[in-house]
Amino acid sequence: MSNIDDAPSGKDKNEIHNVIAKLIFTTHPKYKATYHQDLKKFCVSVANHITVLKNKYKKCKAKISAMGAGVVPLDTTTSNNLLDEVNAEVP
């Protein structure tokens, strides 16, 4: 039994991806039939999308962190430009 402070194992992540795929695709009008034929394919797809989102988040976080103390609210031009960049990058 793993401790609550342990990082998720690969098995745990795969179970999470399976649950997410099931929630999304079991009732999806277009992919429902295909999902039931190849569950693993959809699990991998969910994992890939999570990885892409995680990488986009890290990139945006690095941009904001590179500003030192963060975005200065008084400098609306810079803060708006950075917010626009982040919103364009991360859905």
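Residues numbered from 1 in each chain as written. Predicted model: local features only at pLDDT ≥ 70, side-chain atom pairs only at ≥ 80, totals over all residues. Heavy atoms only, no water.

## Overview of the overall build of the chain
The following threshold applies: A run of H or I in DSSP becomes a helix once it reaches four residues, and a run of E becomes a strand once it reaches two; helices and strands are each numbered from the N terminus. Relative accessibility decides the category of a residue: with a 1.4 Å probe and only protein chains considered, values under 20% of the type maximum give buried, values over 50% give exposed, and everything between is partly exposed. Every residue pair with non-hydrogen atoms within 4.5 Å of one another is taken to be in contact.
The helix and strand tally for the chain stands at four helices and zero strands. The N-to-C order of helical and strand elements in the chain reads α-α-α-α. Counting all 91 residues of the chain, 14% fall into the buried class. Partitioning the contacts of the chain with sequence separation of at least 6, the portion at a separation of at least 24 is 40%.

## Focus on the packing of aromatic side chains
Aromatic rings in a pair are described by how distant their centres are and how their planes are angled relative to each other. Keep this limit in mind: Aromatic rings from Phe, Tyr and Trp, taking only the six-membered ring of Trp, are treated as a pair when their centres fall within 6.5 Å; an angle between ring planes under 30 degrees marks them as stacked, one over 60 as edge-to-face, and anything in between as tilted.
Scanning the model with the defined rule gives five aromatic pairs in all. Each ring, one from Phe25 and one from Tyr31, has its centre 6.1 Å from the other, and the planes form 90°; the classification is edge-to-face. With relative accessibility at 32%, the residue Tyr31 sits in the partly exposed group. When the centroid spacing of 5.6 Å and the interplanar angle of 80° are considered together, the rings of Tyr35 and Phe42 count as edge-to-face. Here Tyr35 and Phe42 have matching classes, each one buried. What links up through ring pairs into an aromatic cluster is the set Phe25, Tyr31, Tyr35 and Phe42.

## A few points about a nonpolar patch on the surface
For clarity, the threshold we go by: Note on patches: the residues involved have over 30% relative accessible area and no salt bridge, like charges join within 9 Å, and the nonpolar side chains Val, Leu, Ile, Met, Phe, Trp and Tyr join within 5 Å. The method behind every accessible area is Shrake-Rupley, applied with a 1.4 Å probe, and residues are considered shielded solely by the protein chains displayed. In what follows, salt bridge is the name for a side-chain nitrogen of Lys or Arg lying within 4 Å of a carboxyl oxygen of Asp or Glu.
A contiguous nonpolar surface patch, about 300 Å² in accessible area, is contributed by Val19, Leu23 and Ile24. When you line up the elements, Ile24 lands in helix H1 (residues 10-25).

## Looking at the confidence of the model for the chain
Our working rule: Each residue carries a pLDDT value, the predictor's own confidence for that position, ranging from 0 to 100.
Overall, the predicted model of the chain reaches an average pLDDT of 81, with 74% of residues at or above 70. Highest mean pLDDT in the chain belongs to helix H2 (residues 32-37) (93); lowest belongs to helix H4 (residues 76-89) (72).

## Points about the nonpolar core
For clarity, the cut-off: The definition of a nonpolar core used throughout is a set of buried Ala, Val, Leu, Ile, Met, Phe, Trp, Tyr and Cys residues joined through side-chain atoms within 4.5 Å.
Counting residues in each nonpolar core, the largest one holds five residues, listed as Ala21, Phe25, Tyr35, Phe42 and Val46. Those elements giving two or more residues to this core turn out to be H1 and helix H3 (39-65).

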